[in-house]
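Chain and residue survey
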2 protein chains.
Amino acid sequence: MAVTKLDETIAGLKFTDDGLIPAIIVDAESKQVLMMAWMNAKSLKATIETGRTHFWSRSRQKYWMKGETSGHTQEVTGVSVDCDMDTLVTEAAQHGAACHEGYRSYFSRRLDDDGDWQVVAERLVNPDDVYNKGQ
Amino acid sequence: MAVTKLDETIAGLKFTDDGLIPAIIVDAESKQVLMMAWMNAKSLKATIETGRTHFWSRSRQKYWMKGETSGHTQEVTGVSVDCDMDTLVTEAAQHGAACHEGYRSYFSRRLDDDGDWQVVAERLVNPDDVYNKGQ
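As a starting point, this report considers the structure included with it. Predicted model, so just to flag it, every value in this text is computed and none were measured. (Residues numbered from 1 in each chain as written. Chains lettered and ligands numbered in written order. Predicted model: local features only at pLDDT ≥ 70, side-chain atom pairs only at ≥ 80, totals over all residues. Heavy atoms only, no water.)

1. What about the layout of surface pockets?
To keep it simple, the criterion reads: Any residue with an atom within 4 Å of a point lines the site, the site being either a cavity, points on a 1 Å grid over the protein atoms alone where a 1.4 Å probe fits but cannot get out, or a pocket, an open set with protein on both sides within 12 Å along at least 5 of 7 lines. Grid points are joined across faces, edges and corners, and a volume is the space filled by probe spheres set on the points. Numbering goes from the N terminus for both helices and strands, where a helix is a DSSP run of H or I of at least four residues and a strand is a run of E of at least two.
In this structure, the largest pocket encloses a volume near 1100 Å³. Surrounding the largest pocket, 37 residues form its lining, Asp86 of chain A together with Trp38, Ser57, Arg58 and Ser59 of chain B being those nearest its centre. Examining the composition of the lining of the largest pocket, we find that 4 residues originate from one element, strand S2 (residues 33-39) of chain B, more than from any other. Its volume calculated, the second largest pocket comes out at about 780 Å³. Forming the walls of the second largest pocket are 32 residues, and the residues nearest its centre are Ser57, Ser59 and Trp64 of chain A together with Asp84 and Asp86 of chain B. Elements represented by at least two residues in the lining of the second largest pocket include exactly strand S2 (33-39), strand S3 (54-57) and strand S4 (62-65) of chain A.

Now the structure itself:
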């Protein structure tokens, strides 16, 4: 298979020693940060070619497509890179809740004046309805 | 010195084996992602207590305050954490350009349809005016 310009562009990124690059996913419309996860060259290419976000799970050591269990996929509308070529921002239209806890964004907790986390977001869905169907 | 609630909250975060946590900095007003850098417990505490973003440089193995050279500091307006407790989003008012290349955000390059990066942002400042004064 011929090496494409996209292959060259991906090869030009600075991956970690483990071959990973952090990808910040932002809502295409509101620009809100939805999540951060890790991609390798293969999952980045899949993200660009399929238009759905794909990642590499460090804990499970496997590929995953966002929404493969929940149906809450992310349709990619753009990919940006920083000046150090070592971090990505991916804009995506989020279907449903990004977070496993049922919040739109993973970042639902904010530090209060007492130095403690407070949930500041509202649940979009009940996680039990999404992840435990049939149980 | 007494252990504060904030110390406990920081200790409850999931740091990497190197004691680091990725911090995504977003513009407090536009919500645009400005940069991503690494904090350790000490730089996170400094960020919260001084209201200016502090980081740990992995390449230089030292603390740095954003803007210490350029004057382009970031005034913190909020800190959020994700459900996995392993990534931070820090909202900040950015003075001047975040990026060393003179762009407001580090993420000035966007992937085009040919699979190549294109600069899509405009320079706010000439980097030479900021970083090479007196040379």
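Let's pick the thread back up.
2. Examining the pairing of strand S4 (residues 62-65) of chain B
Residue and element names in this part refer to chain B. For clarity, the threshold we go by: One requirement defines pairing of two strands: DSSP has to find at least two bridges between them.
Bridging between strand S3 (residues 54-57) and S4 involves 4 bridges; their strand directions are antiparallel. Bridged to Trp56 within S4 is Tyr63. Hairpin connection from S3 to S4: 4 residues lie between these consecutive antiparallel strands, with Gln61 at a positive phi of about 50 degrees.

3. Points about the packing of aromatic side chains
Residues and elements named next belong to chain A. To keep things clear, this is the line we draw: Planes of paired rings set the category: under 30 degrees apart is stacked, over 60 is edge-to-face and the rest tilted, where pairs are Phe, Tyr or Trp rings (Trp by its six-membered ring) whose centres lie within 6.5 Å. Only protein chains enter the accessibility calculation, which uses a 1.4 Å probe; a residue whose area is less than 20% of its type maximum is buried, one above 50% is exposed, and one in between is partly exposed.
Taken as a whole, this structure holds 5 aromatic pairs over all chains when the rule is applied. Ring centres 4.9 Å apart and planes at 35 degrees place the aromatic pair Phe55 and Trp64 in the tilted group. Looking at Phe55, the relative accessible area reads 0%, which means it is buried.

In short, shape yes, function no, at least from these values alone.
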